[in-house]
Amino acid sequence: WLYGPGHIIPGNSDYVLELVKPFHLGPSMTVLDMAAGLGGPAETVAEAFKTYVAGFARDPVLARRASEAALAHGLARHVQVNVYDPESVELRAGFYDHALAREATYAVVQKERFLRVLNQAMKPSGQLVLTEFVRDRAAGERPELAAWEASCGQKPQLWTAAQYTDCLKSLGFDLRIASDVTADYRRMILLGWKGFIESG
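Presented here is a report on the structure given in the accompanying data block.

1. Section: the nonpolar core
Stage number 1. Core analysis: the largest hydrophobic core is formed by 26 residues, its most contacted members being Leu-32, Met-34, Leu-91, Phe-114 and Leu-128.
Stage number 2. Contributions of two or more residues to this core are made by strand 4 (52-57), strand 6 (96-102), helix 4 (111-121), strand 7 (122-131) and helix 6 (161-170).
Stage number 3. If one sorts the elements of this core by residue count, helix 4 sits on top with five residues.
Stage number 4. Contacts of Phe-114, omitting those with residues within four sequence positions, involve Met-34, Tyr-84, Pro-86, Val-89, Ala-104, Thr-105 and Val-108.
Stage number 5. Leu-19, Ala-36, Ala-46 and Ala-66 belong to the second-largest nonpolar core, a separate cluster that totals 25 residues.

2. Focus on the pattern of salt bridges
Stage number 1. As enumerated under the stated definition, the model contains eleven salt bridges in all.
Stage number 2. The salt bridge partner of Asp-97 is Lys-123, with a shortest N-O separation of 3.1 Å. Note that Asp-97 is positioned in strand 6 and Lys-123 in strand 7, a separation of 26 residues in sequence.
Stage number 3. Residue classification places Asp-97 among the buried positions, given a relative accessible area of 12%.
Stage number 4. Assessed through its relative accessible area of 32%, Lys-123 is described here as partly exposed.
Stage number 5. Between Asp-174 and Arg-176 there is a salt bridge, with the nearest N and O atoms lying 2.8 Å from each other. The same class applies to Asp-174 and to Arg-176, which are both exposed.

3. Thoughts on a nonpolar patch on the surface
Stage number 1. There is a patch of nonpolar side chains on the surface, built from Trp-193, Phe-196 and Ile-197 and spanning about 340 Å² of accessible area.
Stage number 2. If you trace the backbone, Phe-196 turns up in helix 7 (residues 182-199).
Stage number 3. Take Phe-196: its relative accessible area is 46%, and that puts it in the partly exposed class.

4. A look at helix 3 (residues 60-72)
Stage number 1. Its 13 residues place the ends of helix 3 18 Å apart at the C-alpha level, agreeing with the 18 Å of an ideal helix rising 1.5 Å per residue.
Stage number 2. When helix 3 is considered as a whole, its buried residues turn out to be Leu-62, Ala-63, Ala-66 and Ala-70. The buried residues of helix 3 occupy an angular sector of 100° when projected down its axis, which confines them to one face. Seen from the open side of helix 3, the exposed residues pointing more than 90 degrees away from its buried face are Pro-60, Leu-71 and Ala-72.
Stage number 3. Sitting at the amino-terminal end of helix 3 is Asp-59, which places a side-chain oxygen 2.7 Å from the backbone nitrogen of Val-61.
Stage number 4. Phi turns positive one or two residues past the end of helix 3, at Gly-74, with a value near 75°.

5. Focus: the environment of Thr-105
Stage number 1. Inspection of the secondary structure assignment puts Thr-105 in the loop between strand 6 and helix 4.
Stage number 2. Taking the C-alpha atoms as reference, Thr-105 lies 8.1 Å from Pro-86; in sequence the two are 19 residues apart.
Stage number 3. Leave out the neighbours within four places in its chain, and Thr-105 touches Lys-111, Phe-114, Leu-130, Glu-132 and Tyr-164.
Stage number 4. In this structure the side chain of Thr-105 is engaged in a polar contact, spanning 2.6 Å, whose partner is the side chain of Tyr-164.

6. As for the packing of aromatic side chains
Stage number 1. Under the defined criterion, the tally for this structure stands at seven aromatic pairs.
Stage number 2. Ring centres 5.8 Å apart and planes at 85° place the aromatic pair Phe-133 and Tyr-185 in the edge-to-face group. Taken as a pair, Phe-133 in the loop between strand 7 and helix 5 (143-151) and Tyr-185 in helix 7 lie far apart in primary sequence, 52 residues in all.
Stage number 3. Of the aromatic side chains, those joined through ring pairs into one cluster are Tyr-106, Phe-133, Trp-148 and Tyr-185.

Calculation criteria
Residues numbered from 1 in each chain as written. Predicted model: local features only at pLDDT ≥ 70, side-chain atom pairs only at ≥ 80, totals over all residues. Heavy atoms only, no water. Core = buried A, V, L, I, M, F, W, Y, C linked by side-chain atoms within 4.5 Å. Buried < 20%, exposed > 50% of the residue type's maximum accessible area, 1.4 Å probe, protein only. Helix = DSSP H or I, 4+ residues; strand = E, 2+ residues; numbered from the N terminus. Contact = heavy atoms within 4.5 Å. Salt bridge = Lys/Arg side-chain N within 4 Å of Asp/Glu carboxyl O. Patch = residues over 30% accessible without salt bridge, like charges linked within 9 Å, V, L, I, M, F, W, Y side chains within 5 Å. Areas by Shrake-Rupley, 256 points an atom, 1.4 Å probe, with all protein chains shown as cover. Expected span 1.5 Å × (residues − 1). Arc of directions from axis to C-beta. Polar contact = N/O pair within 3.5 Å; in protein donor to acceptor, adjacent residues only side chain to side chain. Phe/Tyr/Trp six-rings, centres within 6.5 Å; stacked < 30°, edge-to-face > 60°.

Structure, rendered in structure tokens:
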């Protein structure tokens, strides 16, 4: 588990490896991880495929600890995590093979700009896997949502799934798969808390 600012992010290895499966990763590739947190998923990917991972974290403390962990685990050559501001990030154009963005945009105001930068940073054959919290208009304004928003380090700027679809298509992405992983995500959270409680 990776404890991010304001919420808990599941860092299950199998989950991460399933997310990157479409990339068909190899040793010569470089992958972007736009929500690296403490670096656990980046290390999982690097160890599994001997690939390089350029990680970014919004929180400087997490970025520093992720770099320290990669060094301690002998992965500093393959995993680098730097602090960044997603509102103004610039990336080397056409350099990265693929990009992973796990809950990297929900608190970003300039989402279209962020996704455009990712698109331009990848090689022509690059793929983006994006998992995100989205707003369900039909659910209305629920107190649980307000409580979650108040607890976040950065104020969430939630889009609907349709808004992401429209934005990605307008930027030239070929949207292959769009699925609701809420049930799986919820199950990982509950299992994580169960393991945490039982280990105490």
